[in-house]
Amino acid sequence: MRHLLSPEGRAALATTLLNAPLLAFDFDGTLAPIVARPDDACIPLAVAQRLSRLSTLLPLAIITGRTIDDVQGRLSFKPQYIIGNHGAEDPLLPNVASSDVFDEIRARLQVHAVELATVGVTVEDKQHSIALHYRLARDRDQALASIAKLIQGLGPAVNVYGGKLVFNVVSTAESDKAQALERLVKRCGARSAVFVGDDVNDEPVFARQEPTWLTVRIGRDYPGSQAMFCLESPSEVAYMLDQMLKILEGGFPSKESDAAM
């Protein structure tokens, strides 16, 4: 992947921003660094301040695997849109999945609750999706074996995919992040989009390859990613936002840009 802050990446960013795009960001691993306990995640102040300014210039969205209520309480600014549960939770749309789509795995979770807790798997039921975290497991191979046993043979109503030390169970009837982003672009009347993400659940957006979308992946840990550009880590996000502000309004004074790095 090409680096967004290369001459080629800066030129593509400028071209897209001058086309009045929707700005869309994942939360964990993108705006908020990955932490051992999901409840501890937060956006650095330097990033939040820049996002707040950007949200006054262009429509801005958070598209996250978290629930809307969860991520809303972690923001010190008000984006125009928040979409939760990997694209499935849109406050303006009804829930497509039937109420019992996760019943089978919830029943299995009850049966295997003691085993999962013993091996260090944390279960997060978010109504529209279920996350199986194993970041805190002492023996991750053992945790993976327990998760594999739990999800084996689940029916076609759900899809299971991995992430950064997590497995997500989602409904196949619900939207993914690419479909959610497409809806938001139409909803706000934008002519293009910038999307920044970091994990497997962001790959549907990257794979769309829409000619008017500029996509950025945080990290080079997934060589098969179809993102157009990359940043090395979340530590470069504040600088990327500075570049956006410079293009749109002249940006921050240089001393603040330097402090963000």
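Cut-offs and rules
The numbering scheme is per chain: residues are counted from 1 as the chain's sequence reads. With pLDDT at 70 or above as the cut-off, local features in this predicted model cover only qualifying residues; side-chain atom pairs require 80 or more to be listed or tallied, and sums for whole chains, interfaces and linings still use all residues. Remark: hydrogens and water are excluded; side-chain values derive from all non-hydrogen atoms of the structure. Salt bridges are counted wherever a side-chain nitrogen of Lys or Arg sits within 4 Å of a carboxyl oxygen of Asp or Glu. Where helices and strands are cited, they refer to DSSP runs of H or I of at least four residues and of E of at least two residues respectively, numbered from the N terminus. Buried means the residue's accessible area, taken with a 1.4 Å probe over protein chains only, is under 20% of the maximum for its type, while exposed means over 50%, and partly exposed covers the values in between. In this analysis, strands are considered paired if DSSP registers two or more bridges between them. Counted as a polar contact is a pair of N or O atoms within 3.5 Å, where, for protein atoms, one must be capable of donating a hydrogen and the other of accepting one, and residues adjacent in sequence contribute only when both atoms are in side chains. It only takes one pair of heavy atoms within 4.5 Å for two residues to be counted as in contact. Here an angle of 0 to 180 degrees is reported between the N-to-C directions of two axes, which are lines fitted to C-alpha atoms, with helices fitted over the stretch in contact. Nonpolar cores were defined as sets of buried Ala, Val, Leu, Ile, Met, Phe, Trp, Tyr and Cys residues, with membership established by side-chain atoms within 4.5 Å.

J.: Just to check I follow, could you spell out the pattern of salt bridges for this structure?
T.: Side-chain pairs of opposite charge can arise where the charged atoms are in close proximity. Summed over all chains, the structure comprises 20 salt bridges. The shortest N-O distance in the salt bridge between Lys177 and Asp202 comes to 2.7 Å. Of this pair, Lys177 sits in helix H7 (residues 177-188) while Asp202 sits in the loop between strand S9 (193-197) and helix H8 (203-208), and the two are 25 residues apart along the sequence. Classification of Lys177 by relative accessible area gives buried; the value is 0%. A relative accessible area of 0% places Asp202 in the buried class. A salt bridge links Arg217 to Glu203, with the shortest nitrogen-to-oxygen separation between them at 2.8 Å. Separated by 14 residues along the polypeptide, Arg217 in strand S10 (residues 213-218) and Glu203 in helix H8 bring together distant segments of the chain. For Glu203, a relative accessible area of 11% translates into the label buried. Here the salt bridges do not stand alone but share partners, grouping Asp28, Asp39, Arg66, Asp70 and Arg74 into one network.

J.: Can you walk me through the pairing of strand S2 (residues 22-25) in this structure?
T.: Regular strands place their side chains on alternate faces of the sheet. With burial as the criterion, each face of S2 is covered, one bearing Leu22 and Ala24 and the other bearing Leu23 and Phe25. Bridge count between S2 and S9: four bridges; the pairing is parallel. Across the sheet, Leu23 pairs through a bridge with Val194, a residue of S9. Pairing analysis gives three bridges linking S2 to strand S3 (residues 60-63), with the strands arranged parallel. If you follow Ala24 over to S3, its bridge partner there is Ala61.

J.: Before we go on, may I ask you to explain the side chain of His3 in this structure?
T.: Residue placement: His3 occurs in strand S1 (residues 2-3). A distance of 3.0 Å separates the side chain of His3 from the backbone nitrogen of Leu5, its partner in a polar contact. What His3 contacts, discounting residues up to four positions off in sequence, is Gly9, Arg220, Phe229, Cys230, Leu231, Glu232 and Glu236.

J.: I keep staring at the sheet that holds strand S6 (residues 129-133) and nothing clicks. Help me out?
T.: Strand pairing in a sheet takes place through backbone hydrogen bonds and is either antiparallel or parallel in direction. The antiparallel open sheet is built from four strands, whose spatial order is S5-S6-S8-S7. Whereas interior strands pair on both sides, the edge strands pair on one side only; in this sheet they are strand S5 (122-125) and strand S7 (158-162). The sheet shows a mean angle of 15° between the axes of neighbouring strands, taken without regard to direction. Sheet strands in contact with helix H4 (residues 103-111) are S5, S6 and strand S8 (166-171), and its direction is about 35° off that of S6. Against the sheet, helix H6 (residues 140-151) contacts S6, S7 and S8, and its axis sits at roughly 155° relative to S6.

J.: Help me understand the nonpolar core in this model?
T.: Grouped burial of nonpolar side chains is what soluble globular proteins tend to show. Of all hydrophobic cores here, the largest spans 37 residues; its most connected members are Phe25, Ile43 and Met244. For this core, the element with the highest residue contribution is helix H9 (residues 237-249), accounting for seven residues. Ignoring sequence-local partners within four residues, the contact set of Ile43 consists of Phe27, Leu31, Ala32, Ala48, Leu51, Leu75 and Phe77.

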